[in-house]
Amino acid sequence: MSDDVSLAKEPRDAPPAAEELVVLADVNKHFGALHVLQDINLTIHRGEVVVVIGPSGSGKSTLCRTINRLETIDSGTIAIDGRALPAEGRELARLRADVGMVFQSFNLFAHKTVLQNVTLGQVKVRRRGRADAEERARALLDRVGVANQADKYPAQLSGGQQQRVAIARALAMDPKVMLFDEPTSALDPEMINEVLEVMQQLAREGMTMVVVTHEMGFARSAADRVVFMADGRIVEQAEPHQFFDNPRSDRAKDFLSKILHH
Amino acid sequence: MFDFLDLERYDLFGAFWMTVQLTVFSAIGSLVWGTALVAMRVSPVPVMRAFGTAYVNIIRNIPLTVIIIACAQGLYFTLRVDMGSDDQSTAYFRLAVLGLSAYTATFVCEALRSGINTVPMGQAEAARAMGLSFVQVLWLIVLPQAFRSSVAPLTNVLIALTKNTTVAAAISVAEAALLMKEMIENEAQTLVIGLLFASGFVLLTLPTGLVLGWVAKRVAVKR
């Protein structure tokens, strides 16, 4: 609606910034005996949309969750905007505020209204005044198409609406990068598109995004790069049309042959 | 039948008023301390978790009578802790509140901990991912929902506390049970006196249970 409510920092038409925003180097992680992340090297540039796909248990969600340290790593380094991810405390909290996250199960605060969900972080972390925070929250809710639900509680909303509120909640923090951990996997089929449309719009506006998903249509149309993971490794990365039309690895060919024929 | 009930001689209302005061002050004390204990029990700091766990498991397994008498004998006589009062009966009242709070807090802590378990992990994760600190996550997201779903178990704790105040009679705090003992000694109507005091307590706790049962339904978090 209004012009001052840009969802992202800069439009995509700006000169291509090759600046490195998220850098994972030699990242390893184990869950007990299971080596879930094996020597992961991945760089995400400012304004880039990276879609991570792969079979279940390939480590893609874990990868996504290490970027804001919801999962710790055993070795390697992760840097966001040139700063290494701190281990604990205030520094880590500050860095997390710059990384928006959208979860599979929405995770809205059940005892707070939609509006309160979107203002909380602004007031408590960004130290914005309540009036400013509410204005921004209403504008963002309008952008994701749930402005008329502002005073309801999460349980009164459909899954698709809840997930769009969750996106607004993350955007309210003015994040440098947005992480989406299977954002449509818990949704009824008819609600998937309303969420994907919001994400498409975000991508078009130049938001840096890491999206773990099974939505191949979204990967094809919105991604700058597709990262294919299997058994804890990044097996292949390529531009979407190249990856879907001409996968190089057998693992990717096998995966695609199983999902694309229905 | 009620000839024995000489209100000039026996301060029945005063005694029950003392019971109410013991209950209210101990309820506040145990709610504050119990909340602090549960914060320790779920904190990421191992030393605090260990302290919280040890405190709860030791204190809740000691008979209340022992705790109350320890407050009087140990704190007052041995360590000269007079709780800021020269008057012994005031000091005993305060020590009884201290003992009741220290004991009841363990049950408050465990009721709240079961409430915390009703809050989906993901909400705390989302709050952390937003940049909130541990204390903020607990105070803004987890505890408000934990309290709302713990109203029913906390009501049980409050009713138990109301009746447990009778243990303060052991250190001569002039509450209902002490008066009952005195009246039974002086009068011949044991059964009637017993019934009188029993109804007094039911009169205190029954409305508490009904009101808080209604509150529990009102504040429940819809999921």
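Note that this is a predicted model, so its numbers are computed, not measured.

Residue and element names in this part refer to chain A. Of the two faces of strand β6 (residues 99-102), both are covered, the one formed by Val99 and Met101 as well as the one formed by Gly100 and Val102. Where β6 and strand β7 (residues 177-181) come together, four bridges link them in parallel fashion. Across the sheet, residue Val99 finds its bridge partner in β7, namely Val177.

With respect to the helices and strands, the residue Arg148(B) is situated in helix α6 (residues 134-149). Residue Arg148(B) is classed as partly exposed on the basis of its relative accessible area of 31%. Placed 94 residues apart in sequence, Arg148(B) and Ala54(B) show a C-alpha to C-alpha distance of 26 Å. If we skip the residues at most four places from it in the chain, Arg148(B) touches His111(A), Val219(B) and Val221(B).

Let's shift gears to the UniProt feature "domain: ABC transporter" (unreviewed entry) in chain A. Per the UniProt annotation, the sites labelled "domain: ABC transporter" (unreviewed entry) are residues 22-256 of chain A. For residues 22-256 of chain A, the helix share is 38%, the strand share is 26%, and the end-to-end C-alpha distance is 27 Å.

Turning our attention to the UniProt feature "domain: ABC transmembrane type-1" (unreviewed entry) in chain B. With numbering matched to this structure, UniProt assigns "domain: ABC transmembrane type-1" (unreviewed entry) to residues 16-214 of chain B. Helix makes up 80% of residues 16-214 of chain B and strand 0%, with an end-to-end C-alpha separation of 25 Å.

Now for the UniProt feature "transmembrane region" (unreviewed entry) in chain B. Residue and element names in this part refer to chain B. In the numbering adopted here, UniProt assigns the feature "transmembrane region" (unreviewed entry) to residues 12-40, 61-79, 91-109, 129-147, 159-179 and 191-216. When the span residues 12-40 is considered, its composition is 100% helix and 0% strand, and the gap between its end C-alpha atoms is 42 Å. Counted over residues 159-179, helix gives 48% and strand 0%. Its end C-alpha atoms are 20 Å apart.

Right, let's talk about the pattern of salt bridges for a bit. Residues and elements named next belong to chain A. For the structure shown, the criterion picks out 24 salt bridges over all chains. A salt bridge links Glu19 to Arg46; its shortest N-O distance comes to 2.8 Å. In this pair, Glu19 sits in the segment before β1 (20-31) while Arg46 sits in the loop between β2 (34-45) and β3 (49-53), placing the two residues 27 residues apart along the sequence. Between Asp81 and Arg46 there is a salt bridge, with the nearest N and O atoms lying 2.9 Å from each other. Residue Asp81 is found in the loop between β4 (75-80) and β5 (83-84), and its partner Arg46 is found in the loop between β2 and β3; the two are separated by 35 residues along the sequence. Relative accessible area serves as the criterion here: at 25%, Asp81 is assigned to the partly exposed category. Linked by salt bridges that have partners in common, Glu19, Arg46, Asp81, Asp98, Arg126 and Lys176 make up one network.

Rules behind the numbers
- Residues numbered from 1 in each chain as written.
- Chains lettered and ligands numbered in written order.
- Predicted model: local features only at pLDDT ≥ 70, side-chain atom pairs only at ≥ 80, totals over all residues.
- Heavy atoms only, no water.
- Buried < 20%, exposed > 50% of the residue type's maximum accessible area, 1.4 Å probe, protein only.
- Helix = DSSP H or I, 4+ residues; strand = E, 2+ residues; numbered from the N terminus.
- Pairing = 2+ DSSP bridges.
- Contact = heavy atoms within 4.5 Å.
- UniProt positions renumbered as here; feature names shortened; annotations may be inferred.
- Salt bridge = Lys/Arg side-chain N within 4 Å of Asp/Glu carboxyl O.

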